[in-house]
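Structural overview
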Amino acid sequence: MASLPTKLTTQLMNGGAALANYAWPVAGRVFRERLELDQNQSLWASKTPNYRPRPALTKTITADLAIIGGGFTGVSTAYYASQRFPNRRIVLLEAATLANGASGRNGGMMLNWVNGFDDAPPDVTARIYQVTSKGIETLCQLIERHALPVDFRRDGTVTIYTSTERAEAAHAHVEAHNAIGIPTRFLNATELRRQLAVEHGCGAVFDPDTGQINGAQLVRAMAPVLEARGVEIYEGSPVVRVAEGRRCVLTTLQGEVHADAIVLATNGYTGALGYFRDAIFPLHSHVFATRSLPMEAQRQLGWHRFAGFSDDFDRISYASMTRDGHLVFGGGSNHAYHYLFNNRTVYSGGAAAARHAQVEMERTLSRYFPRSRSLPIAHRWVGTLGITFDRRPLIGVRGEHRNVYYAIGYCGHGVTLANLAGEILADLYCGDESRWRDLPFVHGGFHRIPPEPFRWIGYQVFTRLTGKSPRL
Ligand SMILES: Cc1cc2nc3c(=O)[nH]c(=O)nc-3n(C[C@H](O)[C@H](O)[C@H](O)COP(=O)(O)OP(=O)(O)OC[C@H]3O[C@@H](n4cnc5c(N)ncnc54)[C@H](O)[C@@H]3O)c2cc1C
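Each value, and the rule that gives it
- Residues numbered from 1 in each chain as written.
- Predicted model: local features only at pLDDT ≥ 70, side-chain atom pairs only at ≥ 80, totals over all residues.
- Helix = DSSP H or I, 4+ residues; strand = E, 2+ residues; numbered from the N terminus.
- Buried ≥ 20, exposed ≤ 12 C-beta atoms within 10 Å, placed from the backbone.
- Contact = placed C-beta atoms within 7 Å.
- Near = placed C-beta within 6 Å.
- Nonpolar A, V, L, I, M, F, W, Y, C, P; charged D, E, K, R; others polar.
- Pairing = 2+ DSSP bridges.
- Expected span 1.5 Å × (residues − 1).
- Bend = angle between axes of the 7 residues up to and from the residue.

1. Things to note about the environment of Thr159
- By secondary structure assignment, the location of Thr159 is in strand S5 (residues 157-161).
- What makes Thr159 buried here is the crowd of 21 C-beta atoms within 10 Å.
- Taking C-alpha positions, Thr159 is 23 Å from Thr466, a pair spaced 307 residues apart along the chain.
- Aside from chain neighbours lying at most four places away, what touches Thr159 is Ala204, Val205, Ser310 and Asp312.

Right, here's the structure in full:
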């Protein structure tokens with residue numbers, strides 16, 4: 001059990017994060033949100049029991065590069081920027097604790113591909129696949145190079161197609177992809193049942209490069225690696241104001257950073273900082289995980305080989321299995337996804353709504369694995385996704401002085417890309433974007449999302465009437 005001072009520190013930091021992220025000055029609401037944050041612990045974070053957050057920033061400092069946000073994007077940017085510029089002062093500011101956001105609360109699927117480019121021409125398709133596949137490879141090498149204590153597996157994932165027509169179309173896609181060097185494989189319904197005993201599915205696409213990873217372990221294990229290179233990490237340090245200029249000033253609750261360049265690594269939280277409010281919105285998504293299942297229980301369930309699966313629905317369902325036997329399940333219906341009024345980034349649905357979402361999700365899971373009904377659920381959490389209208393991520397640099405870098409809006413597909421984003425941003429920061437210039441999501445534009453209250457009303461009407469996501 002955490003000691004009282006540790007508990008108090010954590011609670012204060014969570015309160016601070018809520019304050020900064022949502023600029024919500026009403027004490028009662030902050031208190032309620034803080035309590036929810038305390039209960040909202042993912043399976044991934046529970047596997048970092050000895051993690052001790054770094055102290056908050058309590059003074060005014062200068063920096064060459066200041067990164068806002070301690071998830072995959074922020075940590076990977078700090079890693080690659082400090083590798084390029086060992087003598088520059090790099091500072092990372094995290095509102096709560098490292099991996100507090102989606103990076104520590106996701107479904108764990110380490111996937112290929114970038115959302116929003118399904119109709120891309122073959123050369124772009126091949127390039128996107130090559131980039132993300134290399135990204136997975138690089139991530140696994142990084143874990144090995146630094147001997148990071150991170151649970152991951154890379155034995156492939158499948159996308160299940162739930163109608164004969166969609167399965168046939170997927171089969172044709174696989175053949176087209178194989179012709180341009182993408183090594184996916186089509187599994188017919190019989191092969192699918194043999195490899196992953198799902199009851200629901202007319203075929204599947206197997207991607208051998210992909211897998212599953214514990215994001216909280218990864219982000220938190222990177223902290224000492226960064227510190228050994230001189231990166232300064234401040235947790236419990238929400239940025240409450242950004243003043244751009246040749247020198248940007250970031251104001252936190254107790255300190256200030258004057259930096260030549262800054263990075264917005266705040267994904268779904270970015271709107272709360274005043275940036276990209278018309279480009280990205282936070283969507284809240286539920287996940288649950290079982291207790292560690294013994295091999296026999298996994299076998300009875302029918303989970304044989306792969307790291308995970310997702311399906312082809314608009315509101316996708318996905319599940320993955322950790323090496324130590326936790327089945328992680330997320331998504332599945334409108335109940336599993338929530339958009340809150342005015343960019344709010346703390347899920348305010350309360351415990352009853354979260355339980356309702358879980359019941360719905362368990363029902364969906366049991367369509368795939370009928371024996372999952374009696375599984376003991378040990379973890380349930382909510383995380384904040386950053387969604388763009390056309391589902392394309394945004395990576396680039398902006399501002400009058402071209403010193404505000406950003407990588408956001410991965411639309412639920414950021415485990416690979418947000419880790420790769422650090423490499424891209426470090427190159428942009430050093431003025432060498434030659435490696436990434438041909439990628440359509442670097443310096444790309446975006447479709448505007450209507451302002452509130454039209455956004456909230458539009459979302460509710462569209463999703464309730466159609467049961468679909470607000471995508472183009
Ligand atoms: C429920 C869920 C399931 C998902 N499942 C998958 C999956 O299976 N596969 C996949 O590829 N992707 C998945 N994703 C998406 C993926 O996790 C994200 O795209 C990725 O983690 C984004 O990383 P990030 O570092 O950009 O953002 P985040 O991890 O959200 O980090 C942003 C950080 O910024 C901090 N912050 C915010 N505001 C401030 C401020 N003002 N000052 C200082 N710090 C601030 C936050 O506390 C947070 O730690 C999922 C996401 C969710 C929520």
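Further notes follow.
2. Topic: the site of the ligand
- Around the ligand sit 46 residues, and of these Gly69, Gly71, Gly101, Gly383 and Gly414 come closest.
- Here the element with the most residues in the shell around the ligand is helix H11 (residues 414-429); it accounts for four residues.
- Grouping the amino acids of the shell around the ligand by side-chain chemistry returns 21 nonpolar, 23 polar and two charged.

3. Here's the deal with unusual backbone geometry
- Cis peptide bonds are those with omega within 30 degrees of zero, and the linkage from Glu452 to Pro453 qualifies with 5°.
- Notably, Asn267 is not glycine yet its phi reads approximately 30°, a positive angle.
- Along the chain, Asn267 turns up in the loop between strand S12 (256-264) and strand S13 (280-290).
- Under the C-beta neighbour-count criterion, Asn267 is labelled buried, with 31 such atoms within 10 Å.

4. Describing the sheet that holds strand S3 (residues 109-110)
- On the basis of which strands lie adjacent, the open sheet formed by three strands has the order S3-S8-S4 and antiparallel pairing. Each edge of the sheet is formed by a strand with only one pairing partner; in this case those strands are S3 and strand S4 (152-153).
- By the bridge criterion, two bridges tie S3 to strand S8 (residues 211-213) in an arrangement that is antiparallel. Its bridge partner being in S8, Met110 is matched across the sheet by Gly211.

5. Things to note about helix H5 (residues 122-145)
- Taking 1.5 Å per residue, 24 residues should reach 34 Å; H5 reaches 34 Å between its end C-alpha atoms and fits that length.
- Looking only at H5, the buried set comprises Ile128, Tyr129, Val131, Thr132, Gly135, Ile136 and Leu139.
- Elements in contact with the buried residues of H5: S3 and H11.
- Within two residues after H5, Ala147 carries a phi angle of roughly 50°, on the positive side.

6. Details of the pairing of strand S20 (residues 404-408)
- Where burial is concerned, most of S20 is hidden: four out of the five residues are buried.
- Alignment of S12 against S20, held across three bridges, turns out to be parallel. Each residue of the ladder has a partner; that of Leu264, found in S20, is Tyr406.
- The pairing of strand S19 (residues 394-398) with S20 spans five bridges and is antiparallel. Residue pairing in the sheet places Val397 in a bridge with Tyr405 of S20.

7. Observations regarding H11
- Taking 1.5 Å per residue, 16 residues should reach 22 Å; H11 reaches 21 Å between its end C-alpha atoms and fits that length.
- The largest bend along H11 reaches roughly 25° and is located at Ala421.
- For H11, the buried fraction is high: 14 of the 16 residues fall into the buried class.
- Positive backbone phi, at 75°, marks Gly431, one or two positions downstream of H11.

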